[in-house]
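Observations on the three-dimensional arrangement
The residues making up each chain are set out below.
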Amino acid sequence: MDFWTALIVKSCKDRRTVCVNLQELNKIFKRKEKSPLGLATVIQSMATCGKIQRESEFAANVDCGWLSWGVGLLLVKPLKWTFSALLGSSRVHLEESFVIIELVKEKAAELLRVYRSSEFSSCSIVSFQDLCTLSSNICADEGTLCMALLQLQRDKQVMVSLHEGEKIVKFCLPGQDRVSAVSDVDIGIYQLQRSEKLLGERVEKLGLEADKCKEEARILLREGKKSQALRCLRGRKRVEKRADNLFAKLESIREILDRIAQSQSDKMVMQAYQAGVAALRLSLKDVTVERAESLVDQIQELCDTQDEVNQTISSGVTAADEDMDELEEELKSLLNDSKPDSVSGLPTVPATNLQPSAESILSSLPDIPQRPLNISTEQLEEELNQLTLTDSGFQKKKLTSPAKILDPAQ
C-alpha cells in the first residue's frame, strides 16, 4: 500500500498535475497489456487517510460550506454529481477525479511565489488568461491551475469572481493576512489597467503601421511614383496623429493609476498613524504627570532613607546604657591622679636639663701639649710609607708627605 501510494504521487508530480482518476492510473501503470488490480483499493485507502479528496468535494469545501459551490463552478469544468458523492459510497468510478492534497498545496505555494515575482505583482487583480500564461511552466493544464486557485482561496490568499463574463483573480497583497473581497475600486483599477494595456498595444501597432507607410513611400519614390508616395506619406501622418492622440490618453490613464497608487500608499500610512496613536493612547492610559511626580518623590524619599541607614550602619554599634560624658570625666581623673615617680625596673628620669653647655664640654677635654714632638721627620716618613689605604677594587695610594703635615706655616 505504501509503495503504490508513493508511486501514484510521484507519477502526478512528474506530469505536473494534481488530479488523478482510476482510468488514467490503469493506463499509466499498464505493463504487457495488463493493469494492476489493486489500484481501486489504494485509492480508497488514500481517501480514508485524507491524502486525496474527490474533486467535487474539494471544490465545494473551499470555504467549508455549500455556499461556495458557485466558486467551484467558476474554476472547475462542469462536475459530475454522482450518487456515490452524495450517499458516501466507497465505490471508485473509473472517471471520477481525485485531488492529491499534498501536491495541490505545493502548486498553490509555487503559483503565489511566481505571481509575486512577476510583472503583475503591482496589480492586485489579474485576468484568468494572463494567469494561465504566467503559470504555464508550473501547471500542466488549466485544471491544475484551477485546483491551485481553489487551494489559495481556501487559504484566503486569492478571490475569484466574474466581471463582464470574464474570470478575474484578486491576490492578497504583501503584508496582509487574507485577501479582501473584490470591491468597486478594485474593478475600476482593473479596468484602467486593462485600458492601459489595450492602448499600449494600439499605440505600438500604429507605430509599426507608420513605419510601414514610410517604407512604402520610399520604395514608390525610388520607382518614380511620386503621387503614390505622397499618398503614403499622408497616410503616415494620419497614423502618427492617431498614435499621438492615443498616447496622450495613455499618459492620462497612467497618471491616474499613479495617483491611485499614491493614494493607497497614503491610506496605508494613515492607517499606520492611526494604529500608532491608538497604541500610544492605550499605553499611556494610566500615566499622568501628577502620578509621575509622586513616583519621583517616593523614589527620592527611599533613596534618602537608604543613605541614612547606610550611615547608621557604618558608624558602628555603641552600648546604650553607658554615658559617654561620665566615661570621659573618669578618664581625665585617672590621668591626673596617676603620676608615678618611677616605674619598676627602670632608672629615675632626671628632672634637670640634659643638654650640656659649651663650657662643660671644653673643660672635659684634655690639655693641648705645649712641648715639641720628640720624633724626627725620617721616622714619620718611614711610618707613613708603611701605612696604606686598601679597599676592594682600588689601588694603594700614599699619603701626603709628613714634611708638609709638620710644616708650621700650615
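Residues numbered from 1 in each chain as written. Predicted model: local features only at pLDDT ≥ 70, side-chain atom pairs only at ≥ 80, totals over all residues. Heavy atoms only, no water.

Quick notes on unusual backbone geometry
- At Arg-16, a residue that is not glycine, the phi angle is positive and equals roughly 55°.
- Mapped onto the elements, Arg-16 comes out in the loop between helix H1 (2-14) and strand E1 (19-21).
- Even without a glycine there, the phi angle at Lys-156 is positive, about 65°.
- Lys-156 sits in the partly exposed class, given a relative accessible area of 30%. (Helix = DSSP H or I, 4+ residues; strand = E, 2+ residues; numbered from the N terminus. Buried < 20%, exposed > 50% of the residue type's maximum accessible area, 1.4 Å probe, protein only.)

A look at the pattern of salt bridges
- Enumeration according to the criterion identifies 14 salt bridges in this entry.
- Lys-30 is the partner of Glu-33 in a salt bridge, and the nearest nitrogen-oxygen pair spans 3.5 Å.
- Under the relative-accessibility criterion, Glu-33 is labelled exposed at 69%.
- Under the relative-accessibility criterion, Lys-30 is labelled partly exposed at 40%. (Salt bridge = Lys/Arg side-chain N within 4 Å of Asp/Glu carboxyl O.)

So, a negative patch on the surface
- Judged by side-chain charge, Glu-290, Glu-293, Asp-297, Glu-301, Asp-304, Asp-307 and Glu-308 come together as a negatively charged surface patch.
- Tracing the backbone through its elements, the reader meets Asp-297 in helix H12 (residues 289-314).
- With a relative accessible area of 46%, Asp-297 lands in the partly exposed category. (Patch = residues over 30% accessible without salt bridge, like charges linked within 9 Å, V, L, I, M, F, W, Y side chains within 5 Å. Areas by Shrake-Rupley, 256 points an atom, 1.4 Å probe, with all protein chains shown as cover. Lys, Arg positive; Asp, Glu negative; His and termini not counted. Charge placed at Lys NZ, Arg CZ, Asp CG, Glu CD.)

Observations concerning the pairing of strand E6 (residues 166-171)
- With 3 bridges connecting them, strand E4 (residues 125-127) and E6 associate as antiparallel partners. Looking at the pairing, Val-126 lines up with Val-169 of E6.
- Bridging between strand E5 (residues 158-163) and E6 involves 6 bridges; their strand directions are antiparallel. Residue pairing for E6: Val-160 is matched across the bridge by Val-169.
- The turn linking E5 back onto E6 is made up of 2 residues, and Glu-164 within it adopts a positive phi angle of 55°. (Pairing = 2+ DSSP bridges.)

Regarding the nonpolar core
- Membership of the largest hydrophobic core comes to 25 residues, with the highest contact counts inside it found for Ile-8, Leu-25, Ile-43, Phe-58, Ile-100 and Met-147.
- Take this core: its biggest share by element is 4 residues, from helix H3 (residues 39-49).
- With near-sequence residues (within four places) excluded, Leu-25 lies in contact with Ile-8, Val-20, Leu-39 and Ile-43.
- Among the nonpolar cores identified, the runner-up in size contains 20 residues, and Tyr-115, Val-126, Cys-139 and Val-169 belong to it. (Core = buried A, V, L, I, M, F, W, Y, C linked by side-chain atoms within 4.5 Å. Contact = heavy atoms within 4.5 Å.)

What to know about the packing of H1 against helix H7 (residues 101-116)
- Close contact between H1 and H7 brings their axes to 10 Å; oriented N to C, the two are set at 30°. When the axes of H1 and H7 are compared, the pair comes out roughly parallel. In this structure, H1 meets H7 at a crossing whose hand is right-handed. Residues Val-9, Cys-12 and Lys-13 of H1 form the contact with H7, whose own contacting residues are Glu-102, Leu-103 and Glu-106.
- Grouping the amino acids of the contact of H1 with H7 by side-chain chemistry returns 3 nonpolar, no polar and 3 charged. (Axes fitted to C-alpha atoms, helices over the stretch in contact; angles between N-to-C directions. Parallel < 35°, antiparallel > 145°, perpendicular 65-115°, else oblique. Left-handed = near helix turned anticlockwise from the far one by under 90°. Nonpolar A, V, L, I, M, F, W, Y, C, P; charged D, E, K, R; others polar.)

Some words on H7
- With 16 residues, H7 ought to run about 22 Å at 1.5 Å a step, and its terminal C-alpha atoms sit 23 Å apart, in line with that.
- Of the residues making up H7, those classed as buried are Ile-101, Leu-103, Val-104, Lys-107, Ala-108, Leu-111, Leu-112, Val-114 and Tyr-115. (Expected span 1.5 Å × (residues − 1).)

A look at the sheet that holds E5
- Read from one edge to the other, the open sheet built from 3 strands follows the order E4-E6-E5, with strand pairing classed as antiparallel. Both outer strands of the open sheet, E4 and E5, are each paired with one neighbouring strand and no more. Strand-to-strand twist in this sheet, taken as the mean axis angle between neighbours without regard to direction, amounts to 30°.
- Lying on the sheet, helix H9 (residues 142-154) is in contact with E5 and E6; it crosses E5 at an angle near 120°.

What to know about the sheet that holds strand E3 (residues 97-100)
- One open sheet holds the 3 strands; their spatial order is E1-E3-E2, and the pairing between them is antiparallel. In this open sheet, the two strands that pair with only one neighbour each are E1 and strand E2 (52-54). Along the sheet, successive strands turn relative to each other by an average axial angle of 40°, direction set aside.
- Of the strands in this sheet, E2 and E3 are in contact with H7, which crosses E3 at around 60°.

Focus: the packing of H7 against H9
- Viewed as axis vectors pointing N to C, H7 and H9 meet at an angle of 85°, and their least axial separation amounts to 8 Å. Compared by their axis directions, H7 and H9 come out roughly perpendicular. Taken together, the residues of H9 that come into contact with H7 (itself represented by Val-104, Lys-105, Lys-107, Ala-108, Leu-111 and Leu-112) are Thr-144, Leu-145, Met-147, Ala-148, Leu-149, Gln-151 and Leu-152.
- The class makeup of the residues in the contact of H7 with H9 is 9 nonpolar, 2 polar and 2 charged.

Details of the confidence of the model for the protein
- When pLDDT is averaged along the protein, the result is 77; 76% of the residues meet or exceed 70.
- Mean pLDDT in the protein bottoms out at helix H6 (residues 83-87), which sits at 43, and peaks at H1, which reaches 91.
- For residues 389-406, every residue scores under 50 in pLDDT, and the model assigns this stretch 14 contacts once sequence neighbours within four places are set aside. (pLDDT = per-residue confidence, 0-100.)

Things to note about the environment of Lys-51
- Positionally, Lys-51 belongs in the loop between H3 and E2.
- By relative accessible area, which is 43% here, Lys-51 ends up partly exposed.
- Excluding residues within four positions of it along the chain, Lys-51 makes contact with Thr-5, Met-46, Val-99, Ile-100 and Ile-101.

Here we look at H9
- Taking 1.5 Å per residue as the helical rise, H9 with its 13 residues ought to reach 18 Å, and the 18 Å between its terminal C-alpha atoms agrees with that figure.
- The element H9 is extensively covered by neighbouring structure, given that 10 of its 13 residues are classed as buried.
- Among the residues making up H9, those that are buried are Thr-144, Leu-145, Cys-146, Met-147, Ala-148, Leu-149, Leu-150, Gln-151, Leu-152 and Gln-153.

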